[in-house]
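# Descriptive structure summary
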Amino acid sequence: MPQIGMKPNDPVPVLSVLNQDGALDETLEPDLSEDTLHRMYRTMLEARLFDERLLNLQRQGKLGTFAPVRGQEAAQVGSISALEEDDWMVPSFRENAAALWRGTPMDGLFLFIAGYNEGLAIPDGKKDLPVAVPVASQLPHAVGLAYAEKFRKTDNVAMVYFGDGATSEGDFHEALNFAGVMEVPVVFVCQNNQWAISVPRKKQTASHSIAQKAHAYGIQGIQVDGNDVLAVHAATRDAVERARNEHKPTLIECVTYRMEVHTTADDPTVYRDDEDVEAWEERDPIKRMRDYLTGKDIWSDDQEEELRDTVKKQIEEAWKKTQKTIEGLDDPTVIFDHMFDEPTHLIKEQRARFEQDLQSGRDADE
Ligand SMILES: Cc1ncc(C[n+]2csc(CCOP(=O)(O)OP(=O)(O)O)c2C)c(N)n1
Ligand SMILES: [Mg+2]
């Protein structure tokens, strides 16, 4: 049989705009206003400082487990800032930076991490899905939402976040396949942070890149420097436009690094080298954006100090508000409230049994 030219590692475009020191390739600089750039920087800093406070409160036993975002702020803020209010944001479980950009209140995030269902409530009319813990389960949801938007002839799109580990799940492949065949206006944002808990990227797939998997489904793929907020934004803006105007999906691989623990239940010192983490410290996305803004003469040390103070106050106020809210929450049966609009008979039975158990506990206490 004649051999036809088949390249196993088909090249995908690779995009970077800012180098490690915040210096710029001017030909690729996205056109963003000073206000937008400031808002992006502020959200990245909010996410970083919020993460630090969450860790600190978790270590004091005041919060439950959570997945820190440190190191991935550019991947999230660069991408979410390309989305419009009427588009869908479909997160995984590590998207606090993207959630903050979408206006999710910090006290809601605190409340959820403290173990209260109420913290996950999405305000009416907001097109954000709640956190999805089952890895990759959110990808088909995003494809369904985007397909419905197309069906209803709106020009809204959906953007879905997931990790490198999620690309080994069937849901990832089914979602990309359906999106390609049915021409669904969805943007797949993979944050390749090099780890799925203790499983390194090279054990996740033999594929040269994650972005190239797009080709198997007939959709566009692009790999970007995920610690370069401008590159992530430029790639995502193009993908959102393509989804909105042509109903073409895109897979974006943001190459980044999980600088922290997987969750607070994890100890990465037993499976990864400090030198790797230190090497990525040099590519810190926040420092890089700050250098860029300073180089453009639109950021100063005074502004930095003022912003840090403001954000720290905002975090403390949100924590105080959360503690107050917790005092007024004493109905654990709300866990049955949000799965279905009309509860199924099984949910009704479980709720009744749970209420009985709670009552017996209260009777025994008296
Ligand atoms: C279906 C499923 N399997 C296993 C788990 C346990 N688990 C939680 S996070 C995770 C790794 C996910 O890695 P990745 O997709 O790279 O996301 P990251 O945590 O790096 O953001 C695993 C295996 C889960 N939540 N859901
Ligand atoms: Mg990962």
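In this text, all values refer to a predicted model and were calculated from it rather than measured experimentally.

### Notes on the domain arrangement of the chain
The domain boundaries assigned to the chain delineate domain 1 (14–329) and domain 2 (331–366). The gap between the C-alpha centroids of domain 1 and domain 2 is 35 Å.

### Looking at the coordination of the magnesium ion (ligand 2)
With distances of 2.1 Å, the protein atoms coordinating the magnesium ion (ligand 2) are Asp164 (OD), Asn193 (OD1) and Trp195 (O). Coordination of the magnesium ion (ligand 2) draws on donor residues from a single chain, spaced D-x28-N-x1-W in sequence. On the criterion of sequence distance, the pair formed by Asp164 in the loop between β3 (158–163) and α6 (170–182) and Asn193 in the loop between β4 (186–192) and β5 (195–196) is long-range, its members being 29 residues apart. Taken as a pair, Asp164 and Asn193 share a single burial class, namely buried.

### Some remarks on the site of ligand 1
Within the structure, ligand 1 sits among 15 residues, and Arg94, Asp164, Gly165, Asn193 and Trp195 are positioned closest to it. One of the side-chain N or O atoms of Arg94 is found 2.8 Å from an oxygen atom in ligand 1. One nitrogen or oxygen atom from the main chain of Gly165 is found 2.8 Å from an oxygen atom belonging to ligand 1. Against a free-state accessible area of 580 Å², the protein chains account for coverage of 70% of ligand 1.

### Some thoughts on a negative patch on the surface
Taken together, Asp273, Asp274, Glu275, Asp276, Glu278 and Glu282 make up a surface patch of like negative charges. Tracing the backbone shows Asp276 in helix α10 (residues 274–281).

Reading the values: rules and limits
Numbering of residues starts from 1 in each chain and follows the order in which that chain's sequence is written. Starting at A for chains and at 1 for ligands, labels are handed out in the order in which the entities are written. Restriction of local features to residues with pLDDT of at least 70 applies here, the model being predicted, together with a cutoff of 80 or more for giving and counting side-chain atom pairs; totals for whole chains, interfaces and linings are based on all residues. With hydrogens and water excluded, all non-hydrogen atoms of the structure serve as input to the side-chain values. Just so you know, the domain bounds were taken from an automatic or database domain assignment. Metal donors were taken as nitrogen, oxygen and sulfur atoms no farther than 2.8 Å from the ion, or 3.2 Å where the ion is Na, K or Ca. Water is excluded, so coordination may look unfinished. Only DSSP runs of H or I reaching four residues or more are called helices, and only runs of E reaching two or more are called strands; each is numbered from the N terminus. The cut-offs for exposure are 20% and 50% of the maximum accessible area for each residue type, with area from a 1.4 Å probe on protein chains only; residues under the lower value are buried, those over the upper are exposed, and the others partly exposed. Whether a residue is near a molecule or strand depends on its heavy atoms: if one lies within 4 Å, it is near. What qualifies as a polar contact is a pair of N or O atoms within 3.5 Å, subject to a donor-acceptor requirement within protein and to the restriction that residues adjacent in sequence count only when both atoms come from side chains. Surface accessibility in these figures is a Shrake-Rupley result with a 1.4 Å probe; residues are shielded only by whichever protein chains are displayed. Only residues above 30% relative accessible area that lack a salt bridge enter a patch, with like-charged residues linked at up to 9 Å and the nonpolar side chains Val, Leu, Ile, Met, Phe, Trp and Tyr linked at up to 5 Å. In the sections that follow, a salt bridge refers to a side-chain nitrogen of Lys or Arg positioned within 4 Å of a carboxyl oxygen of Asp or Glu. Note on charges: Lys and Arg go in the positive column, Asp and Glu in the negative column, and His and the chain ends are not counted at all. To locate a charge, the coordinates of NZ of Lys, CZ of Arg, CG of Asp or CD of Glu are taken.

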